[in-house]
Amino acid sequence: MPEGIRPVVLAAGKGTRMRSELPKALHRLAGRPMIGHVLSALTDAGLPKPLCVVGYGGELVEEYLGSRADVVWQEEQLGTGHAVATALKAENKAQWLLVVNGDLPLLQSTSLQALIERSGPQGGLLTAEVADPGGYGRIERNREGGLGRIVEDKDCDERQRAISEINVGAYLLPVAPLRDSLARVGKENAQGEIYFVDAVTDLASQGHLAVVSVAPDEVAQVNDRRELARAESALRRRQVERLMLAGVTVLDPATTYVDATVQVGRDTVLHPFTFLEGESRIGEGCEVGPQVRLLDSVLGDACQVSFSVLEETELGDGTSCGPFTHLRPGTKTGRQVSIGNFVEMKGVEIGDQTKVRHHSYLGNASIGRRVNIGAGTVIVNYDGHRKHHTRIGDSAFIGCNANLIAPVEIGREAYVAAGSTVNQAVPDEALAVARERQRNIEGWVARRRSREE
Ligand code: UD1
Ligand code: CA
C-alpha cells in the first residue's frame, strides 16, 4: 500500500432524487445508514480514519459519524469536484486521496484493496461492466487500455451512451497533481456542476490512470428509492449467503433479513420471515423462526424460538421461546428455560430449567432455577411512579393467575396458591394463600328461581 492515503467520502449531496428530508447518506439499508456501509468497507480495507464531506443535513450526518470520521463542510453543493476541492482545503498531509462516493453501500473492502494494489504511480479508478449503464458516467479508454476520459450520462452522445463500462465512483489519486487539475475544472456541462470526473479526465490526459474492474453487483449506487430497495435486497442476499457458506440453513433467503453485524453458528436453521438485527448473535444448532425478530439479542446453542420478538435479550443454551412471546430489554435466562405463548418479560433474570409457559407478564424480577410460573401470573411491578423488584427462589411454584405485588420475595420451594394476590414475603417452603376462601351456598339456584316466578 502506498504511504499517506487519506480516504475521502462524499456525502454532502441532498440526494434530490430520494425526495426526502433525510440526507441521502442516512437512509438505512440492512440495518444501518448507507454511509455506514461505506465506512465499514474503508475500515475493513485497513485504511485510516476518513474525511467525510457533509453539507445537506450535515449536522445529522456528523452526529451519526461521531468519532469514526473527521468532517469537512461543503456549504453549497456545487458538484463532486467542488466537494473534493473542499476536502483538500482541510487535508494537507496526505500524498494520496482515496475518494469514494457516499452512496455506494455495496462496494466491498476487497475492491478498495484491489484499487490500491493495482493503481499505478499516477493512480487509478474503479470501473465495472454493467448491463444497464444508464445514469452512470461512461468510461472511454485510451489506446494503452488506461483511462481516456469519463463522460457523464447527461453529456453522452449516442456512441458514448452505448458504452457499458461505467465509473463506479471510487478513485485513488495523487494529491499534488489533483489540486492542479481541480483548479482547471469548470462547469460547462449538462448539469452546470463542478464534476470531479473532469479533474480525473484531466489527470488521465497527463499520465496513465489504471482502470481496475470490479464485479457489477458491487457498484449499484443509490440515487432514488427504487435503487434503495434493490441495494437492500442485494445486501440482504449477500448477508444470507455469508451465513449459508458458514453452515447455516436458510429455508427461504428471500424472506430472511440479516444485518451485516449479526453472527449465526453452524447448523442453525433460519425459517421464513426471520429478522436478525443489530448486534444479535445466535449459537449453534438453533431453530429460529418462522416469524421471529431479534434485536441486539443473543441466543446460546440449541435454542428454539418461533413467532416472537426479542429485544436486548439473552437466552441460555437449550432455551425455547414462543410462539407469541415478547421479551423486552434486560431479559436474561439460564439454560433450558421454557417460555411459552403470550408471555411478556422485561428486566427479568431467570435461572436454569424454569418454566413460564402461558399468558404471563413478568417485569423487574430475579427468578431462580426450576421455578414453575403458572398461567396468567402477573408481576405487578409498577405503582404508577416507580418500578419495584421481585425475587423468586429456586424451585418455587407460582399457581395460576397469581398477582405478585412488588417489591416482594417468594422463598425457595415456596408455593403460591392459584388466584392469590401476594404482597408480603413468602418464607422458604411455605404455602401462601391470599384469596377469599370459597363458600358454597346450598339451594341458592332454587331460591332465585322461585323469586323470579
Ligand atoms: C457520480 C459520478 C458518475 C458515477 C456515479 C457512480 C460525478 C460528476 N459523477 O454521479 O460518473 O458513475 O457517481 O456512483 O462525480 N456530493 C457531494 N457534494 C456535491 C455533490 C455530490 O458531496 O456537491 C456527493 C453526494 O452526496 C454523493 C456523491 O457525491 O454521495 C456522488 O454524487 P451524485 O450526485 O450521486 O453523483 P452521480 O450523479 O451519481
Ligand atoms: Ca450517485
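In this convention, every chain numbers its residues from 1, walking through the sequence in written order. In the order they appear in the text, chains get letters beginning with A and ligands get numbers beginning with 1. Only residues with pLDDT of at least 70 are given local features in this predicted model, and only at 80 or more are side-chain atom pairs given and counted; all residues enter the totals for whole chains, interfaces and linings. Only heavy atoms go into the side-chain values, all of them from the structure, while hydrogens and water stay out.

Asks: How should I be thinking about the site of ligand 1 in this particular structure?
Replies: Lining the immediate environment of ligand 1, one finds 25 residues, of which Leu10, Gln74, Glu152, Asn167 and Gln221 sit closest. The backbone of leucine 78 places a nitrogen or oxygen atom 3.4 Å from an oxygen atom of ligand 1. By the criterion applied in these results, polar contacts are pairs of N or O atoms within 3.5 Å in which, for protein atoms, one can donate a hydrogen and the other can accept it, and in which residues neighboring in sequence qualify only through two side-chain atoms. Between asparagine 101 and ligand 1, the recorded distance is 2.9 Å, taken from a side-chain N or O atom to an oxygen atom. Accessible surface area values rest on a Shrake-Rupley calculation with a 1.4 Å probe, where residue burial reflects the displayed protein chains alone. When ligand 1 is considered free in solution it has 760 Å² of accessible area, and contact with the protein chains removes 91% of it. Breaking the shell around ligand 1 down by element, the ones donating at least two residues are β1 (5-11), α3 (80-90) and β10 (165-174). Each residue gets one of three labels, nonpolar for Ala, Val, Leu, Ile, Met, Phe, Trp, Tyr, Cys and Pro, charged for Asp, Glu, Lys and Arg, and polar for the others, Gly among them. Grouping the constituent residues of the shell around ligand 1 by class yields 10 nonpolar, 11 polar and 4 charged. Definition of nearness: a residue and a molecule or strand are near each other if at least one heavy atom of the residue lies within 4 Å of the molecule or strand. Under the DSSP-based scheme used, a helix requires at least four consecutive residues in state H or I and a strand at least two consecutive residues in state E, with every element numbered from the N terminus.

Asks: Looking at this structure, how should I read the environment of glycine 124?
Replies: Its location among the elements puts glycine 124 in strand β7 (residues 124-129). For glycine 124, a relative accessible area of 0% gives the class buried. What makes two residues a contact is simply this: any of their non-hydrogen atoms within 4.5 Å. Among residues more than four places away in sequence, those in contact with glycine 124 are Leu115, Ser119, Tyr171, Leu172, Leu173, Leu209 and Ala210. We call a residue buried when its accessible area falls under 20% of the maximum for its residue type, exposed when it is over 50%, and partly exposed in between, using a 1.4 Å probe and counting protein chains only.

Asks: What am I meant to see in the side chain of serine 308 here?
Replies: Mapped onto the elements, serine 308 comes out in strand β22 (residues 308-311). Among the residues examined, serine 308 registers a relative accessible area of 2% and is labelled buried. Of note is the side chain of serine 308, whose polar atom sits 3.1 Å from the backbone nitrogen of threonine 325. If we ignore the near neighbours within four places in the chain, the residues touching serine 308 are Gln291, Val292, Arg293, Cys321, Gly322, Pro323, Phe324 and Thr325.

Asks: Could you clarify how one ought to interpret the domain arrangement of the protein chain in this entry?
Replies: Accessible area lost on assembly of the parts is the figure often given for the size of an interface. The domain boundaries assigned to the protein chain delineate domain 1 (5-218) and domain 2 (225-432). Throughout, the edges of the domains are those of an automatic or database domain assignment. Using only C-alpha atoms to locate each centre, domain 1 and domain 2 end up separated by 45 Å. With 16 residues of domain 1 in contact, the opposing surface of domain 2 contributes 10 residues. A combined buried area of about 1,100 Å² lies between domain 1 and domain 2, and 58% of that area is made up of carbon and sulfur atoms. Put simply, buried area is how much 1.4 Å-probe accessible surface two parts lose in total, over both of them, once they are put together.

Asks: What is the right way to read the pairing of β1 from this model?
Replies: Consecutive side chains of a regular strand alternate in pointing toward one face of the sheet and then the other. β1 sits mainly inside the fold: 7 of its 7 residues count as buried. A two-sided burial pattern is seen for β1, the buried positions comprising Ile5, Pro7, Val9 and Ala11 on one face and Arg6, Val8 and Leu10 on the other. Only strands joined by at least two bridges in the DSSP assignment are considered to pair. Bridge count for β1 against strand β6 (residues 96-101) is 6 bridges, and the pairing is parallel. Bridged to isoleucine 5 within β6 is tryptophan 96. Relative to strand β4 (residues 51-54), β1 is paired through 4 bridges, and the arrangement is parallel. Residue pairing in the sheet places alanine 11 in a bridge with valine 54 of β4.

Asks: What exactly am I supposed to notice about the packing of aromatic side chains here?
Replies: Geometry of an aromatic ring pair is reported as the spacing of the ring centres plus the angle between the planes. Stacked, tilted and edge-to-face pairs are distinguished by plane angle, under 30 degrees for stacked and over 60 for edge-to-face with tilted covering the rest, among Phe, Tyr and Trp rings (Trp via its six-membered ring) whose centres lie within 6.5 Å. A full pass over the atoms with the stated rule returns 5 aromatic pairs. Ring plane angle 15 degrees and centroid distance 5.4 Å describe the contact between phenylalanine 324 and phenylalanine 342, whose orientation is recorded as stacked. Pair noted here: phenylalanine 324 is in the loop between β24 (320-321) and β25 (325-327) and phenylalanine 342 is in strand β27 (residues 338-350), with a separation of 18 residues, a long-range link. Phenylalanine 342 sits in the partly exposed class, given a relative accessible area of 47%. Summarising the aromatic geometry, the rings of phenylalanine 397 and tyrosine 415 are spaced 5.3 Å apart at their centres and angled 20 degrees between planes, so their arrangement reads as stacked. With phenylalanine 397 in strand β32 (residues 397-398) and tyrosine 415 in strand β35 (residues 415-416), the pair connects residues that are 18 residues apart, well separated along the chain. Exposure remark for phenylalanine 397: the relative accessible area of 34% places this residue in the partly exposed category. In this structure an aromatic cluster arises from ring pairing among Phe307, Phe324 and Phe342. For a lysine, the NZ atom is tested; for an arginine, the CZ atom; a charge sits over a ring if that atom is within 6 Å of the ring centre and within 35 degrees of the ring normal. The ring of tyrosine 382 has lysine 387 sitting right over it, with the charged end atom 5.4 Å from the ring centre.

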